[in-house]
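# Coordinate analysis (summary)
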2 protein chains.
Amino acid sequence: MIPSQMLKGTLEGCILAVIGRKETYGYEISQQLEYYGFGKIAEGTIYPLLLRLEKNGLAEAVYRQSEVGPQRKYYRLTAAGEQELALFVRNYRALSRAVDNLLQETKGDAVYEPQDKETVAGK
Amino acid sequence: MIPSQMLKGTLEGCILAVIGRKETYGYEISQQLEYYGFGKIAEGTIYPLLLRLEKNGLAEAVYRQSEVGPQRKYYRLTAAGEQELALFVRNYRALSRAVDNLLQETKGDAVYEPQDKETVAGK
DNA sequence: GCAAACTACATTGCAATGCAAGATAGAACG
DNA sequence: CGTTCTATCTTGCATTGCAATGTAGTTTGC
């Protein structure tokens, strides 16, 4: 279920993308991420991340009443947030290409030629 | 060039993939990664990671002489390392699918209906 | 009314990991 | 000898996902 280390750096961008689509709040974001196949992302991950986005000026928030529970804190992207999102997409594509290049050759398992002889040495 | 946070968790798997293709050593791995589009990965990243792989039984190493410089420490995957690599590939694919799902809808910028009624959920 | 369940947000402290900076050392070349 | 390229390693730091925990409003059932 997607190891946490692999989410580092990616999750922030993904949450920017979620917010960028439509104004939304933490609890809903966590449901969205699950829907998209990220698995259950802990609340202890999401809320601090949202606060960080706000603190860094990438998102801004307003409280609104809910008819079904406590107040919700709705986030939307700032201009800086949209730039950051665009940057994330570029970076993610770059990583994705690199990994795909590599794994593609890994599949077949024998693309590189055999190398020179052994000259063993202790380890 | 690919922010460091985004490499977390992914880099280890990629290095497993590089080693899995053919026995190789740290310095060459760094050149391979650059060739594949990962950018320059610091040596302070690669060598500790290789030591960790060895310590965790995912790779094993032998020293060999080089004709052009100091000794090289060649790594190859253990059986456990190959399993770990296979696991990484599965996890990476899962993440990749999730992000692609999300970004795909982000592109057009207006895939979600302007709702405020529930009727919720994904498209 | 009261307990449970769901919604909703937040904080604390920890663990994993990429990286900068710096050290060490062999080989080749002018 | 000094510089450059090859090659490995260590220390300490910053970032960030997450478990654990706390708070609080709303709804439902007894």
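The structure we're discussing is the one just above.
The shown structure was predicted, so the numbers you read here are calculated from the model rather than taken from an experiment.

### So, the interface of chain B and chain A
Listed by partner, the interface residues are 47 residues for chain B and 47 residues for chain A. Both sides of the chain B and chain A interface together cover about 4,500 Å² of buried area, and 64% of this is carbon and sulfur. Where chain B meets chain A, there are 2 salt bridges. There are 0 residue pairs in polar contact (both at pLDDT 80 or more) connecting chain B and chain A. Sorting elements by how many residues they give to the side of chain B that touches chain A places helix α5 (residues 79-108) of chain B first, with 18 residues. Of the residues in the side of chain B that touches chain A, the class split is 23 nonpolar, 12 polar and 12 charged.

### Describing the protein's contact with DNA strand C
Around DNA strand C lies a shell of 32 residues, among which Tyr-27, Arg-72 and Lys-73 of chain A together with Lys-8 and Gly-44 of chain B are the nearest. If you look at DNA strand C and keep only atoms within 4 Å of the protein, 71% of those are sugar or phosphate atoms. Gly-9 of chain B is positioned such that a nitrogen or oxygen atom in its backbone is 3.3 Å from a phosphate oxygen of DNA strand C. Among the elements of the structure, α3 (26-36), α4 (43-55) and β3 (72-77) of chain A together with α1 (4-7) and α4 (43-55) of chain B are those that each provide at least two residues to the surface near DNA strand C. In terms of residue count, α4 of chain A provides more of the surface near DNA strand C than any other element does, 5 residues in total.

Conventions adopted
Residues numbered from 1 in each chain as written. Chains lettered and ligands numbered in written order. Predicted model: local features only at pLDDT ≥ 70, side-chain atom pairs only at ≥ 80, totals over all residues. Heavy atoms only, no water. Contact = heavy atoms within 4.5 Å. Buried area = accessible area lost by both parts, 1.4 Å probe. Salt bridge = Lys/Arg side-chain N within 4 Å of Asp/Glu carboxyl O. Polar contact = N/O pair within 3.5 Å; in protein donor to acceptor, adjacent residues only side chain to side chain. Helix = DSSP H or I, 4+ residues; strand = E, 2+ residues; numbered from the N terminus. Nonpolar A, V, L, I, M, F, W, Y, C, P; charged D, E, K, R; others polar. Near = heavy atom within 4 Å.

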